[in-house]
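# A closer look at the structure
Take a look at the letters that make up each chain.
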Amino acid sequence: MTKDTTRPAKRPRASDATADSYMHDTTLWLQDGNIILVSSQPQAKGFRVHRSILAMYSEFFADMFKLARPEKSSSQEPSEQSEDCTTLPLADNGYDVSCFLQYLYVPNYFQCGTPTSLVRLDAMLRMATKYLCQRLREDVIKHLTLMYCPKFTSESRKLLPAPDLVPEGDVDTHAITAIRMGRSYNVPQILPVVFYYAATIDPVKYVKIRPFLSSEDQLTLISGRAELMEAIFSEAWCWLLDTGFENSCEDEDCERTRCDIIRAITRRAAHAVDLFLRDMPHQTIQDRVASNTEIVKADEVCPDCFRLWKKAECAAYSAVWNELPFYFGLKPWPKK
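Below you will find a few notes about this structure. These numbers come from a predicted model, not from an experiment.

## Re helix H6 (residues 174-184)
The buried count for H6 comes to eight of eleven residues, which makes it a mostly enclosed element. Taken together, the buried positions of H6 are His174, Ala175, Ile176, Thr177, Ala178, Ile179, Met181 and Gly182. For H6, the secondary structure elements touched by its buried residues are helix H4 (118-130), helix H5 (134-147), helix H7 (191-199), helix H8 (206-209) and helix H9 (215-236). Looking one or two residues beyond H6, the residue adopting positive phi is Asn186, at roughly 60°.

## Some words on the pairing of strand E2 (residues 35-38)
In regular strands, side chains alternate between the two faces of the sheet. Taking every second residue as pointing to the same face, both faces of E2 are buried, with Ile35 and Leu37 on one and Ile36 and Val38 on the other. One ladder, built from four bridges, connects E2 with strand E3 (residues 45-49); its direction is antiparallel. Paired with Leu37 across the two strands is Phe47, which belongs to E3. Where E2 folds back onto E3 in an antiparallel hairpin, the turn is made up of six residues, including Gln43, whose phi is positive at roughly 55°. With four bridges connecting them, E2 and strand E4 (residues 86-89) associate as parallel partners. Across the sheet, the residue bridging to Ile35 is Thr86, located in E4.

## Considering the nonpolar core
Of all hydrophobic cores here, the largest spans 82 residues; its most connected members are Leu54, Phe61 and Leu101. Ranked by residue count, the leading element in this core is H7, at eight residues. When near neighbours in sequence (up to four residues on either side) are disregarded, Phe61 contacts Leu37, Leu54, Ala55, Leu88, Phe100 and Tyr131. Ranked by size, the runner-up nonpolar core spans six residues in total, among them Tyr22, Trp29, Ala44 and Cys85.

## Topic: the sheet that holds E4
Taken together, the four strands give an open sheet; going across it, the order is E1-E3-E2-E4, and neighbouring strands pair in mixed fashion. Edge positions in the open sheet fall to strand E1 (23-29) and E4, since each of these has one partner strand only. Direction aside, neighbouring strands of the sheet carry axes that sit 30° apart on average. Note: E1 against E3, three bridges, orientation parallel.

## A short note on the packing of aromatic side chains
Under the criterion given, the structure shown has 13 aromatic pairs. Taken together through their ring pairs, the aromatic side chains of Tyr148, Tyr196, Tyr197, Phe276, Tyr317, Trp321 and Trp333 make up a single cluster. The ring of Phe65 carries the charged tip of Arg51 above its face, separated from the ring centre by 4.6 Å.

## Quick notes on helix H11 (residues 303-322)
Taking 1.5 Å per residue, 20 residues should reach 28 Å; H11 reaches 29 Å between its end C-alpha atoms and fits that length. All buried positions along H11 are accounted for by Cys305, Trp309, Glu313, Cys314, Ala316, Tyr317, Ser318, Val320 and Trp321.

## What to know about the environment of Val49
Structurally, the position occupied by Val49 is in strand E3. If we skip the residues at most four places from it in the chain, Val49 touches Gly33, Asn34, Ile35, Leu37, Leu54, Leu101 and Tyr105.

## So, the pattern of salt bridges
Note that side chains of opposite charge can pair when their charged atoms are close. Scanning the entire structure with this criterion turns up six salt bridges. A salt bridge links Asp92 to Lys130; its shortest N-O distance comes to 2.7 Å. One end of the pair, Asp92, is in the loop between E4 and helix H3 (94-105); the other, Lys130, is in helix H4, and 38 residues separate them in sequence. Exposure remark for Asp92: the relative accessible area of 0% places this residue in the buried category. A salt bridge links Arg126 to Asp96, with the nearest nitrogen and oxygen atoms 2.8 Å apart.

## Considerations on the packing of H3 against H4
Running from N to C, H3 and H4 point in directions that differ by 80°, and their axes come no closer than 8 Å. If you check the angle between H3 and H4, you find them roughly perpendicular. Contact residues: Tyr95, Asp96, Val97, Cys99 and Phe100 in H3; Val119, Arg120, Ala123, Met124, Arg126 and Met127 in H4. Of the residues contributing to the contact of H3 with H4, the split by class is eight nonpolar, no polar and three charged.

## Quick look at the environment of Ile262
Following the sequence through the fold, Ile262 ends up in helix H10 (residues 252-267). What makes Ile262 partly exposed here is its relative accessible area of 22%. Here the alpha-carbon distance between Ile262 and Pro281, two residues 19 residues apart in the chain, equals 9.4 Å.

Calculation notes
Residues numbered from 1 in each chain as written. Predicted model: local features only at pLDDT ≥ 70, side-chain atom pairs only at ≥ 80, totals over all residues. Heavy atoms only, no water. Buried < 20%, exposed > 50% of the residue type's maximum accessible area, 1.4 Å probe, protein only. Helix = DSSP H or I, 4+ residues; strand = E, 2+ residues; numbered from the N terminus. Contact = heavy atoms within 4.5 Å. Pairing = 2+ DSSP bridges. Core = buried A, V, L, I, M, F, W, Y, C linked by side-chain atoms within 4.5 Å. Axes fitted to C-alpha atoms, helices over the stretch in contact; angles between N-to-C directions. Phe/Tyr/Trp six-rings, centres within 6.5 Å; stacked < 30°, edge-to-face > 60°. Lys NZ or Arg CZ within 6 Å of the ring centre and 35° of its normal. Expected span 1.5 Å × (residues − 1). Salt bridge = Lys/Arg side-chain N within 4 Å of Asp/Glu carboxyl O. Parallel < 35°, antiparallel > 145°, perpendicular 65-115°, else oblique. Nonpolar A, V, L, I, M, F, W, Y, C, P; charged D, E, K, R; others polar.

Okay, structure coming up:
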């Protein structure tokens, strides 16, 4: 993986943090630790850990410890007055610092490919990027690319089941959070799929999610969704509308079946953007096409038309997918 070029964190400045101005973290207060990291106010927490562990995982801390030591608090408790135990105030909240340190100290705290809340992923990725912890950053990015994998299954042409990695509480907001993560922490490879998932959110809910997106990304989402919808009807489902083929079938049963499918699609046109999350129309030919209508039989579409339909639809879906980054003003998919 190409080494991240995100701007590194500034060196924390000494402050008035003392033993009386923060609470000891109950999990990460190690008596043999030789540095105390103090999170930001309010509700500052102290984490007594090891300089060697921080330096092992973080280039930022490794370089800082080589250059200088942070100022030691003048009001430390007797047990903390060892010459080697210093206090370092950070500008990060207690939750973010805790997630970062637990990744370093707690086995299996984070396992790539296991459902993990976006809040925790965001905290770990932010800290990893800020403090140049390359291993943690790579692990989180790998997890995000599993969640937002830019691939179809070979058989069904559906997007891989990334939502399986999304915890229940994040189902409605995961894409919005991921957009911000991709933008803020330089993870552009997830953005096309993330914007696609965001585009599948009911537009009625956009009012609620607006505060969590920049004005630019709000516009990108809305305009990209409109372009995607146009492409779906003009390309992905064009054969159903009897376009693109010079010799259309004149079989009445075949024509009626295609008309039934067109009616079913138009009834739920607002949900057309879900096309990559559902089976293609030709795959659901034996399913009920709409409520209160009869089940369509496979033999109602003549074999020749069905073969043409399947071939054209698969090619059209692939074409729309290949253009997906452009709908949202993003760079094209990486070349294979």
